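Reading the structure
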Amino acid sequence: MMPPVFRFAPSPNGFLHLGHAYSALLNFERARESGGRLLLRIEDIDATRCRPEYEVAIYEDLAWLGIAWETPVRQQSEHLADYRAALEKLSALGLVYPAFESRAEIAKLVAAREADGPWPRDPDGAPLYPGDARSLSADERSRLIASGAPYALRLDIAAACRRAAGLTWNELGEGPDGEHGIVPALPEAWGDVILARKETPTSYHLSVVVDDALQGVGEIVRGQDLFHATAVHRLLQTLLGLPEPAYHHHRLMRDGDGRKLSKSSWSTGLRELRAAGVTPAGIRQLVGLG
Ligand code: GLU
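This report concerns the structure included in the present document. Just so we're clear, the structure is a prediction, and the values are computed from it rather than from any experiment. (Residues numbered from 1 in each chain as written. Predicted model: local features only at pLDDT ≥ 70, side-chain atom pairs only at ≥ 80, totals over all residues. Heavy atoms only, no water.)

The local shell around the ligand consists of Arg 7, Ala 9, Pro 10, Ser 11, Glu 43, Tyr 204, Val 208, Arg 222 and Leu 226. In isolation the ligand has 300 Å² of accessible area, and contact with the protein removes 79% of it. Across the shell around the ligand, the residue classes break down as five nonpolar, one polar and three charged. (Near = heavy atom within 4 Å. Areas by Shrake-Rupley, 256 points an atom, 1.4 Å probe, with all protein chains shown as cover. Nonpolar A, V, L, I, M, F, W, Y, C, P; charged D, E, K, R; others polar.)

Right under this line is the structure:
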């Protein structure tokens with residue numbers, strides 16, 4: 001039997017904090033106890049937010065924690081052709097359309113719809129796409145594209161869900177409401193998600209699904225903040241004919257006020273804790289793995 005593959009997949013858009021340490025250490029432990037492999041993947045598709053110094057810091061902080069990973073490390077920004085190929089597959093199924101509204105125009109549309117009552121929000125609390133670009137005629141689309149208007153490529157979620165109904169996943173960890181075992185996937189809750197933008201020709205959802213399959217990841221260990229996104233991942237996997245991994249979502253580290261840690265929570269940053277004399281064993285204790 002092939003050894004199971006795990007991955008830790010941070011984005012280099014800030015320094016790692018205790019939440020990342022917990023996720024990386026859990027992956028490392030799960031790989032070790034199952035005789036598996038641990039990969040590190042740098043999710044750097046967002047050129048405006050990712051910086052090389054954060055990537056260097058990721059390597060330093062993980063090595064300091066005592067985590068070992070395989071090389072070469074996959075950097076998403078170097079594999080845009082893989083994501084483009086997946087996008088073309090989805091387009092060929094007739095499930096992708098260009099939407100030309102700017103972020104500001106979308107905010108205005110949502111405000112207009114909310115005048116008539118609440119507009120639905122996705123599991124992260126963002127309003128669903130309110131536009132009607134899906135029904136633009138082919139001529140109108142071509143005209144707008146030819147005019148150089150920027151656009152995002154969106155997934156026609158209703159059509160996609162008709163092709164892949166009744167999806168589930170195997171949750172080995174726990175969702176935010178205690179979900180465990182075979183969990184129903186509800187991708188409709190996200191609306192017509194963006195799969196690619198003009199400036200970033202892919203998206204988190206698309207690249208994570210493509211990479212996990214290409215890298216043979218069988219058990220995805222990550223924070224509960226991505227629990228609901230798994231529904232979109234299962235949908236894309238099914239549409240693209242990719243294998244189904246198991247998922248293991250873990251609890252999130254909270255700050256003193258019960259808020260999820262962010263990259264600006266400097267008081268829980270691994271670099272600050274290290275400078276203050278905390279040891280790697282101390283970090284394990286702080287995240288409850290001591
Ligand atoms: N790159 C994502 C993040 O840093 C994690 C992706 C994943 O584990 O699926 O939040």
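On we go from here.
Right, let's talk about the pattern of salt bridges for a bit. As enumerated under the stated definition, the model contains 18 salt bridges in all. Residue Arg 143 pairs with Glu 140 through a salt bridge whose shortest N-O separation is 3.1 Å. Of this pair, Arg 143 and Glu 140 both sit in helix H5 (residues 138-146), separated by three residues, roughly a single helical turn. Here Arg 234 makes a salt bridge to Glu 244, at a shortest N to O gap of 3.2 Å. Taken together, the residues Arg 234 in helix H8 (residues 230-240) and Glu 244 in the loop between H8 and strand E10 (246-250) connect sequence positions ten residues apart. You can call Arg 234 buried: its relative accessible area is 7%. (Salt bridge = Lys/Arg side-chain N within 4 Å of Asp/Glu carboxyl O. Helix = DSSP H or I, 4+ residues; strand = E, 2+ residues; numbered from the N terminus. Buried < 20%, exposed > 50% of the residue type's maximum accessible area, 1.4 Å probe, protein only.)

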